[in-house]
Amino acid sequence: MGKNGGRGRKKWNRKRKAEEGAQKDGKERTNGAGYKDGQDYAAAKTSNPKFEAYYSLVGLHDSRFDNGTFVPCATDAEKHAERDLFMSTLRATLPASFRVDRSLDPTIQKTILEELQEYVGKEMEVEIELPRRSEAIGGKKTCIDQGVEVSKEEGDKEQKKENGDNKSSEAQFVKRTLAPAKPIPFISHNDVTLGFQLSVDRRTLRRNASLGPLHSFLKIQTDCGHITRQETVSMIPPVVLNAKEGMSVLDMCAAPGSKTCQLLEVVGGFTSKTEFEPHGYVVANDADPKRAYMLVNQLKRMNSPSVYVTSCDGQYFPILDDKSVRGTEKEGMFDRVLCDVPCSGDGTVRKNPGIWKNWNQLGSLALHPLQLSIALRGARLTHVGGYMVYSTCSMNPMENESVVAELLRIADGSLVLEDPRERMEGLVARPGWSTWRVLREGKNRTRKAMKDWQKKNNK
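Residues numbered from 1 in each chain as written. Predicted model: local features only at pLDDT ≥ 70, side-chain atom pairs only at ≥ 80, totals over all residues. Heavy atoms only, no water.

**Observations regarding unusual backbone geometry**
The amide bond that connects Ala 255 to the next residue, Pro 256, takes the cis arrangement and shows omega of 5°. Following the sequence through the fold, Pro 256 ends up in the loop between β9 (248-251) and α10 (258-267). In this structure, Asp 191 takes a positive phi of about 65° despite not being glycine. Summarising the element assignment, Asp 191 is placed in the loop between β6 (181-189) and β7 (192-198). Owing to a relative accessible area of 81%, Asp 191 belongs among the exposed residues under this scheme. (Helix = DSSP H or I, 4+ residues; strand = E, 2+ residues; numbered from the N terminus. Buried < 20%, exposed > 50% of the residue type's maximum accessible area, 1.4 Å probe, protein only.)

**Thoughts on the packing of aromatic side chains**
Applying the stated criterion across every chain, the model contains 12 aromatic pairs. Between Phe 51 and Trp 359 the ring centres are 5.5 Å apart and the planes differ by 85°, which places this aromatic pair in the edge-to-face class. Within this pair, whereas Phe 51 is found in helix α2 (residues 49-57), its partner Trp 359 is found in the loop between α12 (354-358) and α13 (361-381), the two being separated by 308 residues in sequence. Accessibility classification places Phe 51 together with Trp 359 in one group, the buried group. Arranged with centres 6.4 Å apart and planes meeting at 65°, the rings of Phe 317 and Phe 334 form a pair that is edge-to-face. Taken together, the residues Phe 317 in the loop between β11 (307-310) and β12 (334-340) and Phe 334 in strand β12 connect sequence positions 17 residues apart. Exposure remark for Phe 317: the relative accessible area of 7% places this residue in the buried category. Through pairs of rings, three or more aromatic residues link up here, namely Phe 51, Tyr 54, Tyr 55, Phe 86, Trp 356 and Trp 359. (Phe/Tyr/Trp six-rings, centres within 6.5 Å; stacked < 30°, edge-to-face > 60°.)

**Some points on the side chain of Asn 48**
Relative to the helices and strands, Asn 48 resides in the loop between α1 (14-25) and α2. Overall, Asn 48 belongs to the buried group, its relative accessible area being 6%. At 2.5 Å, the side chain of Asn 48 and the backbone oxygen of Trp 356 are in polar contact. Setting aside chain neighbours within four positions, we find Asn 48 in contact with Trp 356, Lys 357 and Trp 359. (Polar contact = N/O pair within 3.5 Å; in protein donor to acceptor, adjacent residues only side chain to side chain. Contact = heavy atoms within 4.5 Å.)

**Side note on α10**
In terms of residue burial, α10 counts as a mostly covered element, since 10 of its 10 residues are buried. What α10 keeps buried is the set Ser 258, Lys 259, Thr 260, Cys 261, Gln 262, Leu 263, Leu 264, Glu 265, Val 266 and Val 267.

**With respect to the packing of helix α9 (residues 232-241) against α10**
Where α9 meets α10, the axes come as close as 9 Å, and the angle between the chain directions of the two elements is 35°. The element α9 and its partner α10 pack so that their crossing is right-handed. Every residue of α10 that contacts α9 at Ser 234, Met 235, Pro 237, Pro 238, Val 239 and Leu 241 is listed here: Ser 258, Lys 259, Gln 262 and Leu 263. (Axes fitted to C-alpha atoms, helices over the stretch in contact; angles between N-to-C directions. Left-handed = near helix turned anticlockwise from the far one by under 90°.)

**Remarks on the nonpolar core**
Note that soluble globular proteins tend to have their nonpolar side chains buried in a common cluster. Ranked by size, the top nonpolar core spans 25 residues in total, and within it Val 249 and Leu 263 carry the most contacts. At five residues, α10 tops the list of elements feeding residues into this core. In this structure Leu 263 touches Pro 238, Leu 241, Ala 243, Val 249, Val 282 and Leu 338, once residues within four positions along its chain are discounted. (Core = buried A, V, L, I, M, F, W, Y, C linked by side-chain atoms within 4.5 Å.)

**Details of the confidence of the model for the protein**
When the pLDDT values of the protein are averaged, the result is 82; 80% of them are 70 or greater. Note on residues 133-155: pLDDT is under 50 here. Beyond four places in sequence and across chains, it has 40 contacts. Scored below 50 in pLDDT, residues 157-169 shows 16 contacts in the model against residues more than four places distant or in partner chains. (pLDDT = per-residue confidence, 0-100.)

**What to know about the sheet that holds β9**
Strands pair in a sheet through their backbones, by hydrogen bonds, and they do so in one of two ways: parallel or antiparallel. On the basis of which strands lie adjacent, the open sheet formed by five strands has the order β11-β10-β9-β12-β13 and parallel pairing. Each of the sheet's edge strands pairs with one partner strand only, and the pair in question is β11 and β13 (382-391). Looking at each pair of strands side by side, their axes are set apart by 15° on average, direction ignored. Bridge count for β9 against strand β10 (residues 281-285) is four bridges, and the pairing is parallel. Across the sheet, Leu 250 pairs through a bridge with Val 283, a residue of β10. Together, β9, β12 and β13 form the strand contacts of α9, whose direction differs from that of β13 by roughly 165°. Helix-sheet contacts for helix α11 (residues 289-300) involve β10 and β11, and the interaxial angle to β11 is about 165°. (Pairing = 2+ DSSP bridges.)

**Examining the sheet that holds strand β8 (residues 227-229)**
Read from one edge of the open sheet, four strands run β6-β7-β3-β8, paired in antiparallel fashion. Only two strands of the sheet have a single partner each, and these edge strands are β6 and β8. Taken pair by pair, the neighbouring strands of this sheet meet at an average axis angle of 25°, ignoring direction. Relative to β7, strand β3 (residues 97-100) is paired through three bridges, and the arrangement is antiparallel.

**Focus: the pattern of salt bridges**
For the coordinates displayed, the defined rule picks out 16 salt bridges. Between Glu 78 and Arg 64 there is a salt bridge, with the nearest N and O atoms lying 3.3 Å from each other. On the criterion of sequence distance, the pair formed by Glu 78 in helix α3 (residues 76-91) and Arg 64 in strand β1 (residues 63-66) is long-range, its members being 14 residues apart. Residue Arg 64 is classed as partly exposed on the basis of its relative accessible area of 25%. Between Glu 231 and Lys 351 there is a salt bridge, with its nearest N and O atoms 2.8 Å apart. Here Glu 231, found in the loop between β8 and α9, pairs with Lys 351, found in the loop between β12 and α12; they are 120 residues apart in sequence, far enough to count as distant. Judged by its relative accessible area of 43%, Lys 351 is partly exposed. (Salt bridge = Lys/Arg side-chain N within 4 Å of Asp/Glu carboxyl O.)

Rendered as structure tokens:
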């Protein structure tokens, strides 16, 4: 007997078994997606009937942005147009963005901003690579919708490729005139804009020859710690928090650390020119030790003594103030608290297309208790007169308005809701909802299952 369990028996192999089965059936071996080996994978589907039906039902498309404000949609045609705009935006590629470090030496900061002016606002011709399979995320149709000219020869090549006539894997390019970067007005300091959003995604920036100088500049400055590559929406919560130099700040769910770095740039500064060390600090917490370790690596390039990293569940973060001050005006430990809680993340479908396939309403319902408990602990840790910001990466009211409403109900006047849009120039934000619908997943029960349920519940 051999070590494989029998004399002369071949060792079991998944690949060999699949090939033998394909030979018996007279079929060519395919990969997991059903395509032949060497054939391109299809793009992920960017639709979900439950997702689209839910946000239509809760009234997300009942208002539109017009002349700097949101107004109700008067007709069904306007609602359909708003829905089409919403879905097309979610299917579009997420543009890259970055911000210049606020705590830099003024001379270095000025030099970086002057070099960036070469790419800000000045239009240039850029070649953009078309997706290999354009049925879901773009290609010729999307380019035409966006006003990008595609030559007849290039269009014919792409059409042949979609039909399977072109076996080559050569990429197709179109030319587009755009400004590589534009400023983000609300990311600023002393009337100097420090945030910038690119007109292209990270993939195009990396592969495009005409954007090579900008890509090299961003890589060098990122390695030096002079700029941070961060999504635009991720920059908003620290700005809303309105932290100042010398304050104590708690980031309850900090990993991967981009928001923590943004807060550290502010509170880690000096309140006066006569100081030699900062008085403010940031406590960065995350429940997952592995993510907390990743957070440490992210904070290393800041080279700041004003940050502490902890790892514990946010809803159980220890309360260390003296018992004698509880219930008084001295209650609380931190001037500012950021609760960027775990969420379903359906607002990140532009960079996480896998959410389209798995989205359902149950995810938000399951996360609601955890989000509320973290927010309650964050409010308890905030000084009287301080600010707490609650944020998610989701658009679902069960994870946003519902949590805030319950938080205000439990606080019974101890918390006040504040609107920060007046001090954030250029920020477009839809008003919050006061009513919303709660849906559940329906179950198709058989007649026998219904009878068993009735018998069990004495119906």
